[in-house]
Amino acid sequence: MQNRIATPVGITLDRFIKKKQNDFAFATGELSQLLRDIALAGKIIHREVNRAGLLSISGAYGTENVQGEEQQKLDVIANIRFIRALKNGGEVCAIVSEEDEEILDVQNPNGRYIVAMDPLDGSSNIDVNVSIGTIFSIFRRVSPVGGPVSQEDVLQKGSEQVAAGYLLYGSSTMMVYTTGRGVNGFTYDPSLGEFFLSHANIRIPKDGNIYSINEGSYESFEPHVIKYIKFCKKQNYTARYIGSLVADFHRNLLKGGIYIYPANKKSVNGKLRLNYECNALAFICEQAGGKATDGKQRILDIQPKSLHQRVPFYVGSTNMVDAATAD
Ligand code: P6P
């Protein structure tokens, strides 16, 4: 177990990253810089999200993304901003984004990292002022530095992530991430333009009494899901479903709970995407002591076959995930 020197709550994200710089994953400083680039983009999206209603940048953009989902203006803005921050940062050779069908080769052959991201998840909530989030996974490229980006670079198992995190644009904006040595949360102070460590070494309770699932599809759930929902009701658990994955996940991470997006008749593999939604949250949840499966296997062990592949998703307190996925 790594000897964790207590880190004073309240230090800035930059100082925290520097402090952890001696972890081998940071040894070169490139991953550190990449995390800073993501935090910078998060600050920009914070600003855009908080003035969306004033600048008529909320609402539909009039196009659809690769998922066939109506793109919101802020989806497009967030995608552009993150791609620009990652490109300018110089550490990334390719990006996989929910908003783009193909791999984005950022023409930086010396970049050692790949970022898979959902630049603005839950964006249909923008117009009604409900929390939304950014989700990101960071991988080391497997193809030779200096050469072309390969399919293998962008279809790596979640267990190969070197870092993962999310930004939550809620009552406050937070950045929560892991590099495989625990999970830490930073709260943004817009008056200072800095993220400050506010949730050091986050651990998810082994058990909980909050379940998050869209029961509107109840009739088309598999028997084990119906059985588990009935169990939750019998136990008088609390049903909390915001319809914004990052917000639901974050609450369950702090308080204990389970988020489920199972297979159903409409979407036989569920709705959430392995590469840029499930992998990142699975890595964070496991690092905080929780569990994440597709109902049968560990999310992080799934070998992706396509960029936008969907998987059923059970994530949260270990005992709850075990109970929800028992036959
Ligand atoms: P449904 C938002 O579109 C999202 O990807 C997640 O943020 C959210 O948890 C889920 O889909 C909501 O989906 O089918 O319940 O509306």
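Because the structure is a prediction, the values reported are computed rather than measured.

*Asks:* Looking at this structure, I do not really get the pattern of salt bridges. What am I missing?
*Replies:* Pairs can form between side chains of opposite charge whenever their charged atoms are close. In this structure the tally under the stated criterion is twelve salt bridges. With a shortest N-O distance of 3.5 Å, Arg-81 and Glu-48 are connected by a salt bridge. Of this pair, Arg-81 sits in helix 3 (residues 73-89) while Glu-48 is found in helix 2 (residues 30-50), placing the two residues 33 residues apart along the sequence. Among the ionic pairs, Lys-233 bridges to Glu-215, the shortest N-O distance being 3.1 Å.

*Asks:* Can you walk me through the site of the ligand in this structure?
*Replies:* Taken together, Asp-121, Gly-122, Asn-214, Tyr-241, Gly-243, Ser-244, Leu-245, Tyr-259, Tyr-261, Lys-271, Leu-272 and Glu-277 are the residues near the ligand. Side-chain polar atom of Asn-214 to an oxygen atom of the ligand: 2.9 Å apart, as the coordinates give it. Look at the ligand: alone it shows 400 Å² of surface, and the protein chains cover 83% of it. Judged by the proximity of its atoms to the pocket grid, the ligand belongs to the largest pocket.

*Asks:* For this particular structure, what's the right way to read the confidence of the model for the chain?
*Replies:* Low-pLDDT stretches of the model should not have their predicted coordinates read in fine detail. Confidence in the prediction of the chain, expressed as mean pLDDT, is 91, and 91% of residues score 70 or more. In the predicted assembly, ipTM is 0.98 and pTM is 0.93.

*Asks:* I tried to follow the packing of aromatic side chains on my own but got confused; where do I start?
*Replies:* In this description, an aromatic ring pair is defined by two values, namely the gap between the centres and the angle between the planes. Under the defined criterion, the tally for this structure stands at nine aromatic pairs. Between Tyr-177 and Phe-186, the ring centres sit 5.8 Å apart and the planes meet at 15 degrees, which makes this aromatic pair stacked. Phe-186 shares its class with Tyr-177; the two are buried. Clustering of aromatic rings is evident, with ring pairs tying together Phe-16, Tyr-177 and Phe-186.

*Asks:* Explain the UniProt feature "binding site: substrate" (unreviewed entry) in the chain here, please?
*Replies:* Cross-referencing UniProt, the feature "binding site: substrate" (unreviewed entry) maps to Asp-121, Gly-122, Ser-123, Ser-124, Asn-214, Tyr-241 and Lys-271 in the present numbering. Restricting the annotated residues just mentioned to those that line the largest pocket leaves Asp-121, Gly-122, Ser-123, Ser-124, Asn-214, Tyr-241 and Lys-271. Among the secondary structure elements, Ser-124 is positioned in the loop between strand 5 (113-121) and strand 6 (132-140). When its relative accessible area of 56% is taken as the criterion, Ser-124 is described as exposed. Here Lys-271 shows up in the loop between strand 13 (258-261) and helix 7 (274-287). Look past the residues within four positions of Lys-271 in its chain and what remains in contact with it is Glu-69, Tyr-261 and Arg-310.

Here is what the cut-offs are and how they apply
- Residues numbered from 1 in each chain as written.
- Predicted model: local features only at pLDDT ≥ 70, side-chain atom pairs only at ≥ 80, totals over all residues.
- Heavy atoms only, no water.
- Salt bridge = Lys/Arg side-chain N within 4 Å of Asp/Glu carboxyl O.
- Helix = DSSP H or I, 4+ residues; strand = E, 2+ residues; numbered from the N terminus.
- Near = heavy atom within 4 Å.
- Polar contact = N/O pair within 3.5 Å; in protein donor to acceptor, adjacent residues only side chain to side chain.
- Areas by Shrake-Rupley, 256 points an atom, 1.4 Å probe, with all protein chains shown as cover.
- 1 Å grid on protein atoms, 1.4 Å probe; cavity = no way out; pocket = protein on both sides within 12 Å on 5 of 7 lines; lining within 4 Å.
- Sits in = over half its atoms within 2 Å of the grid points.
- pLDDT = per-residue confidence, 0-100.
- Phe/Tyr/Trp six-rings, centres within 6.5 Å; stacked < 30°, edge-to-face > 60°.
- Buried < 20%, exposed > 50% of the residue type's maximum accessible area, 1.4 Å probe, protein only.
- UniProt positions renumbered as here; feature names shortened; annotations may be inferred.
- Contact = heavy atoms within 4.5 Å.

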